[in-house]
Amino acid sequence: GGIAGYKIALTSAEMRRFVGVDTPMAGMMLESTVRRSPARVRAADYVRLIVEFEIAVQMADDLPAADKPFSRERVAAAVDGIMPALELADDRDADYKVLPQYPLELIADNCWNEGAVLGAPVTDWRGIDLCAARGVATINGNKVGEGHGADAMGHPLDAVAWLADHLASIGRGLLRGHVVITGSIVTTKTVTTGDRVLFEVDGLGKVELQVD
């Protein structure tokens, strides 16, 4: 399918330490891989399924390349809804110890993106402190991590501004209807058959995934 949006990888210091790469990256999300919560996927459809825990932004207007550079305020004016999201990714049994030596392979593999599960968009988000918003991740009812919106480049909309500038640098724009997942505020977790994943963010609700 066509491009439904973009993922931003390694927007938090914790994720950069976890992977061993010191700069954010971007990848595309395709229409056929974006799901709405609650969602189900099969572990057998992946080499090694991993999930990340993110705040997603849905665009109401274009951010064309000609308008760069983009500020948080410019991005906010073009945003429709904001929601919690789970990124679906496949690291294909990557050896994380050597990954820092080959960051271009991560980029070439679309930053491992295999889509996302999106929660219900919150359109009256402007009254929510996205920096302070706390997200809690659980797997099978057990807490596996937490983070805050500020962990994604200081603010989720700053991450979107980074992406819009990045796209503009290669002559592309962020378009109306696109969804951007702004980077995991909890370190990546590996999941397998039988796992139930839940991610809840203050003011934004929850997103759920069942792995069959």
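Everything discussed here concerns the structure shown above.
Residues numbered from 1 in each chain as written. Predicted model: local features only at pLDDT ≥ 70, side-chain atom pairs only at ≥ 80, totals over all residues. Heavy atoms only, no water.

Chemist: So what exactly am I meant to see when it comes to the nonpolar core here?
Modeler: Taken as a class, soluble globular proteins show a tendency for nonpolar side chains to be buried jointly. In this structure, Ile82, Leu174 and Leu209 are the most contacted members of the largest nonpolar core, which totals 47 residues. For this core, the element with the most residues is helix 4 (residues 156-169), which contributes seven residues. Other than its neighbours up to four places away in sequence, Leu209 contacts Ala39, Arg40, Val41, Val51, Leu86, Leu88, Val117, Asp195, Arg196 and Val197. Residues Met15, Val19, Ala89 and Trp112 belong to the second largest nonpolar core, which totals 12 residues. (Core = buried A, V, L, I, M, F, W, Y, C linked by side-chain atoms within 4.5 Å. Buried < 20%, exposed > 50% of the residue type's maximum accessible area, 1.4 Å probe, protein only. Helix = DSSP H or I, 4+ residues; strand = E, 2+ residues; numbered from the N terminus. Contact = heavy atoms within 4.5 Å.)

Chemist: How should I be thinking about empty space enclosed by the protein in this particular structure?
Modeler: Unoccupied space between atoms shows up once a probe the size of one water molecule is rolled over them. Tallied over the entire structure, the rule returns one cavity of 30 Å³ or more. There is about 110 Å³ of room inside the largest cavity. Lining of the largest cavity is provided by 14 residues; of these, Lys7, Leu10, Val19, Glu52 and Trp112 occupy positions nearest its centre. Elements represented by at least two residues in the lining of the largest cavity include exactly strand 1 (3-9), helix 1 (13-19) and strand 5 (49-59). It is helix 1 that contributes the most residues to the lining of the largest cavity, three residues altogether. A breakdown of the residues in the lining of the largest cavity according to their chemical character gives 11 nonpolar, one polar and two charged. (1 Å grid on protein atoms, 1.4 Å probe; cavity = no way out; pocket = protein on both sides within 12 Å on 5 of 7 lines; lining within 4 Å. Points joined across faces, edges and corners; volume = space filled by probe spheres on them. Nonpolar A, V, L, I, M, F, W, Y, C, P; charged D, E, K, R; others polar.)

Chemist: Would you mind showing me how to read the packing of aromatic side chains here?
Modeler: Aromatic ring pairs are reported here in terms of the distance separating the ring centres and the angle at which the planes meet. A complete count under the given rule lists three aromatic pairs for this structure. On the basis of an interplanar angle of 65° and a centroid distance of 5.7 Å, the ring pair of Tyr96 and Trp112 is categorised as edge-to-face. With Tyr96 in the loop between strand 6 (79-90) and helix 3 (103-108) and Trp112 in the loop between helix 3 and strand 7 (113-118), the pair connects residues that are 16 residues apart, well separated along the chain. Of the residues examined, Tyr96 reaches a relative accessible area of 23% and is grouped as partly exposed. Ring pairing ties together the aromatic residues Phe18, Tyr96 and Trp112, which thus form one cluster. (Phe/Tyr/Trp six-rings, centres within 6.5 Å; stacked < 30°, edge-to-face > 60°.)

Keep in mind these values describe shape, not function.
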